[in-house]
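For reference, the chains in residue letters:
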Amino acid sequence: MVVVAVALLAPSGASAVSPTCSAGPTVGTQTTYTCDVPTGTIGGYEVRQWYPANVPTPGVSGYITHMETDVVDDVTGQQVPISRLMLHHIVFLNLNRQDSTCGGQGYTGFDGRKGFGTFAPQRFYAAGEERAKMSLPPGYGYHVNAGDTWALVAMVMNHRSSADHALIHYQVTVDTNAGIQAVKPYWLDVRDCRADPIYNVPSVKANKAKKGKKKHKKKAKPRPTIDETRDYVFPESGRLIAGAGHVHGGAIGLTLTEPGCGNRAVARSDPTWGLPDHPFYNVRPVLHEPGPINMSAFRSTTGLPIHAGERIRLNSIYDDSQPHVRVMGIMVVYLAPDASVTQDCGPIPSWEILKTDQPGRSGPIPFKIPLTGLDANGQATTINAPPGRLRNAPSRTSTVIPVGDRFFGDPNLRIRRGSYLTWQFSGSELHNLTLANGPLGIGSDNLDGGRTYTQKFTRPGTYRFFCALHPTQMQERIVVTGRKKHKKK
Ligand SMILES: [Cu+2]
C-alpha cells in the first residue's frame with residue numbers, strides 16, 4: 001500500500017495519458033461525463049483504503065460545475081446497497097496542481113508516516129456516506145485541462161462475509177463556456193494534510209456536565225460538546241462561493257467563523273441523520289458509528305468576500321456526552337479569486353442552502369458499537385468479549401500487548417485504575433486500536449513495523465476495542481478496576 005501511495009503522490013504521474021470518461025448528452029455548453037473505476041476485490045468484512053492512480057477524466061478543457069459519485073454494481077450499473085458495500089469516503093485529486101492548503105508540505109500517509117515530499121496533489125472534490133455533491137452556483141466552475149491526471153483516495157467497507165467488487169462511479173459536468181469564472185478549492189480540515197485525518201472525541205466533559213447546576217429548568221439540558229478548530233489565513237483575495245462538510249457519527253455540525261470579525265459565523269454545514277429504520281442504523285455487522293445521511297451545502301453567486309490575509313476558522317463540533325472515535329471535521333470550500341476585495345469582514349451573503357429532502361433526525365443519535373467476531377461458519381456475530389479468560393496485567397506501568405497481523409496478543413486484560421498499557425504493532429500490515437464501546441474515546445493511528453501506542457487508563461470500566469481495519473478479526477477487552485474495588489488475593 002505504501003508503494004502505491006508513493007507512486008500516486010509523486011508528481012511524475014502527471015505525464016501519463018489518462019483514460020477518458022464517456023461523454024453524455026450536451027446541453028448548451030455543458031456536457032456530463034460518466035466515469036468508472038473498479039474497486040478491485042474487497043475481502044469479506046474488509047475495510048479497504050486504496051489509491052487508484054490515473055483514473056478516468058473528462059479529457060476536455062473547461063470548467064467543472066457539478067460532480068457526484070456513488071458505488072455501482074459492475075454488471076447492472078445500479079447503486080450498490082450498504083448491506084453489500086459502503087463507500088465510506090472518497091477524495092478526488094488533481095495531480096497537475098498543488099493543494100491550496102497542503103501544497104509545499106505534502107501529505108502524511110495512511111500509515112501516519114510523512115515521506116511523500118512536498119508535492120501535495122490538489123483535493124478538489126470529496127464525498128462520504130452522505131454523498132456530498134459539488135454543486136457550484138451558476139457562472140462558476142473548477143477549471144480543468146484536457147491533459148490533467150486525476151487520482152482517488154477511497155475507503156470501502158464490505159458488510160458481507162464473501163469477497164465483493166463493484167465500480168466507483170462518478171459524473172462530471174463540464175462547461176466549455178469561456179465566460180465561466182474559475183474557482184479554487186480550499187480544503188479545510190481540523191486534521192489537515194493527512195490521508196487519514198481522524199481524531200477522537202474522548203467524552204471527558206460528560207461527567208462534569210452532569211454535575212452542573214440546574215440553571216435552565218425550562219430549557220433542555222445543555223448537551224456537552226467539544227469543539228476542535230483550525231485557522232486558515234487566505235493568501236489571496238476572493239469570494240467564497242460554495243462549500244460543504246464531512247463529519248462522522250456524533251457530530252453536531254461544522255461552522256466557519258472569522259476570528260478577526262468578532263468570530264462571527266459566516267457559513268455552516270449541518271448533518272441530517274436517518275430515521276431509525278434507515279439502513280445506516282440497521283446494517284450488520286456494525287463496523288463504525290453511523291454517519292449522517294446528508295450534510296447541508298451552501299452557495300451564493302455573490303459569495304463571502306475574503307481579503308488576502310484574512311483568517312477563517314473551521315469549527316468541528318461534536319457531542320461529548322459519549323465517546324466518538326475516528327471522527328473527522330472537514331469542509332471543502334471554493335474561492336473565486338477577486339482582487340477587488342480590499343477589506344476584511346465583508347458582508348455575509350444570503351446563502352442558498354442545499355440539503356436532502358429525505359426525512360431525517362437532527363441528532364446526534366446515541367449508538368453503541370458492539371464487538372463483532374466470527375462464528376464457526378465465518379459469519380459476523382456480536383460478541384461480549386474476545387475468546388479466552390480475563391488475565392491480570394503483569395505490571396501497572398510497563399505491560400506491553402503485542403499486536404500481530406490480525407490479532408491482539410493479549411485480548412483480555414484486567415488492570416487497576418491509573419495503569420498504563422502499551423500496544424506494540426509488529427505486523428507487516430497496518431492495524432489500529434479503536435474503541436467500540438467504553439468510558440473514553442480512544443483510537444490510535446494506523447501502525448506497523450514495531451511502532452507503539454501507550455494509553456493511561458484513569459476511568460474504571462470495561463473498554464471494548466477492535467482494529468477498525470480488521471473489525472471482525474481483532475478485538476481486545478480491557479477491564480479497568482477502581483482502586484477501592486480491587487480485591488486483595
Ligand atoms: Cu488490523
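Quantities reported herein were computed from a predicted structural model and do not represent experimental measurements.

> Could you give an account of the overall build of the protein chain, with specific residues and numbers?
Assigned secondary structure in the protein chain consists of three helices and 36 strands. Against the globule reference of 23 Å for 489 residues, the protein chain gives a C-alpha radius of gyration of 23 Å, in line with a compact fold. For the protein chain, the spread of C-alpha atoms along the principal axes amounts to about 80 × 55 × 45 Å. Buried residues in the protein chain amount to 55% of all 489 residues.

> Tell me what's going on with the pattern of salt bridges, and back it up with residues and numbers.
Evaluation of the coordinates by the stated rule reveals 22 salt bridges. We note a salt bridge from aspartate 99 to arginine 123, for which the minimum N-O separation is 2.9 Å. Of the two residues, aspartate 99 sits in the loop between strand E6 (85–98) and strand E7 (121–128) while arginine 123 sits in strand E7, which places them 24 residues apart along the sequence. No difference in accessibility class separates aspartate 99 from arginine 123, as the two residues are buried. The salt bridge involving aspartate 410 is made with arginine 391; its shortest N-O contact spans 2.7 Å. Pair noted here: aspartate 410 is in the loop between strand E30 (407–408) and strand E31 (412–416) and arginine 391 is in strand E28 (residues 391–392), with a separation of 19 residues, a long-range link. The network of salt bridges with common partners includes Asp73, Arg84, Arg160 and Asp164.

> Help me get a handle on the state of the cysteines, residues and values and all.
A full pass over the atoms with the stated rule returns three disulfides. Disulfide pairing places cysteine 261 opposite cysteine 345 at an S-S distance of 2.1 Å. Judged by the sign of its S-S torsion, about -90°, the cystine formed by cysteine 261 and cysteine 345 is left-handed. Linking cysteine 261 in the loop between strand E17 (251–258) and strand E18 (264–269) with cysteine 345 in the loop between strand E24 (329–337) and strand E25 (352–354), this pair joins segments that are 84 residues apart in sequence. When the bonded cysteines of the protein chain are counted from the start of the sequence, the pairing works out to 1-2, 3-4, 5-6.

> Lay out the pairing of strand E2 (residues 30–38) with the relevant residues and their values.
Side-chain alternation along E2 places Thr31, Tyr33, Cys35 and Val37 on a buried face and Gln30, Thr32, Thr34, Asp36 and Pro38 on a face that remains uncovered. Here strand E1 (residues 22–27) runs beside E2; their pairing, made up of four bridges, is antiparallel. Paired with threonine 26 across the bridge in E2 is threonine 31. Connecting E1 to the next strand, E2, in antiparallel fashion are two residues, including glycine 28 with a positive phi near 65°. Direction of pairing for E2 relative to strand E11 (residues 167–175): antiparallel, over a ladder of nine bridges. Note that in E11 the partner of glutamine 30 across the bridge is aspartate 175.

> A description of the packing of aromatic side chains should follow, citing residues and the corresponding values.
The geometry of two aromatic rings is summed up by the distance between their centres and the angle between their planes. Enumeration over the complete set of coordinates arrives at 14 aromatic pairs. Aromatic side chains phenylalanine 92 and phenylalanine 124 sit 6.3 Å apart centroid to centroid with 55° between the ring planes, which places their arrangement in the tilted category. Residue phenylalanine 92 is found in strand E6, and its partner phenylalanine 124 is found in strand E7; the two are separated by 32 residues along the sequence. Its relative accessible area of 0% is what places phenylalanine 92 among the buried residues. Look at phenylalanine 124 and you get buried, because its relative accessible area is 0%. Members of the aromatic cluster, connected to one another through ring pairs, are Phe92, Phe124, Tyr125, Tyr142, Trp150 and Tyr170. The ring of tryptophan 50 has arginine 48 lying over it, and the distance from NZ or CZ to the ring centre is 4.7 Å.

> Give me the environment of aspartate 410: which residues, what numbers.
Note on aspartate 410: relative accessible area 14%, which makes it buried. Distance from aspartate 410 to leucine 390, taken between C-alpha atoms, is 9.3 Å for residues 20 residues apart in sequence. Excluding its chain neighbours within four sequence positions, the residues that come into contact with aspartate 410 are Arg391, Ile401, Pro402 and Glu476.

> Which residues make up the side chain of asparagine 94, and what are the values?
Within the secondary structure layout, asparagine 94 lies in strand E6. Judged by relative accessible area, which is 0%, asparagine 94 ranks as buried. Within the structure, the side chain of asparagine 94 is placed 3.2 Å from the side chain of aspartate 148, a separation counted as a polar contact. Those residues in contact with asparagine 94 that sit more than four places away from it in its chain are Pro121, Gln122, Phe124, Tyr142, Asp148, Thr149 and Trp150.

Cut-offs used in this document
- Residues numbered from 1 in each chain as written.
- Predicted model: local features only at pLDDT ≥ 70, side-chain atom pairs only at ≥ 80, totals over all residues.
- Heavy atoms only, no water.
- Helix = DSSP H or I, 4+ residues; strand = E, 2+ residues; numbered from the N terminus.
- Rg over C-alpha atoms; globule rule 2.2 N^0.38 Å.
- Buried < 20%, exposed > 50% of the residue type's maximum accessible area, 1.4 Å probe, protein only.
- Salt bridge = Lys/Arg side-chain N within 4 Å of Asp/Glu carboxyl O.
- Disulfide = S-S within 2.5 Å.
- Pairing = 2+ DSSP bridges.
- Phe/Tyr/Trp six-rings, centres within 6.5 Å; stacked < 30°, edge-to-face > 60°.
- Lys NZ or Arg CZ within 6 Å of the ring centre and 35° of its normal.
- Contact = heavy atoms within 4.5 Å.
- Polar contact = N/O pair within 3.5 Å; in protein donor to acceptor, adjacent residues only side chain to side chain.

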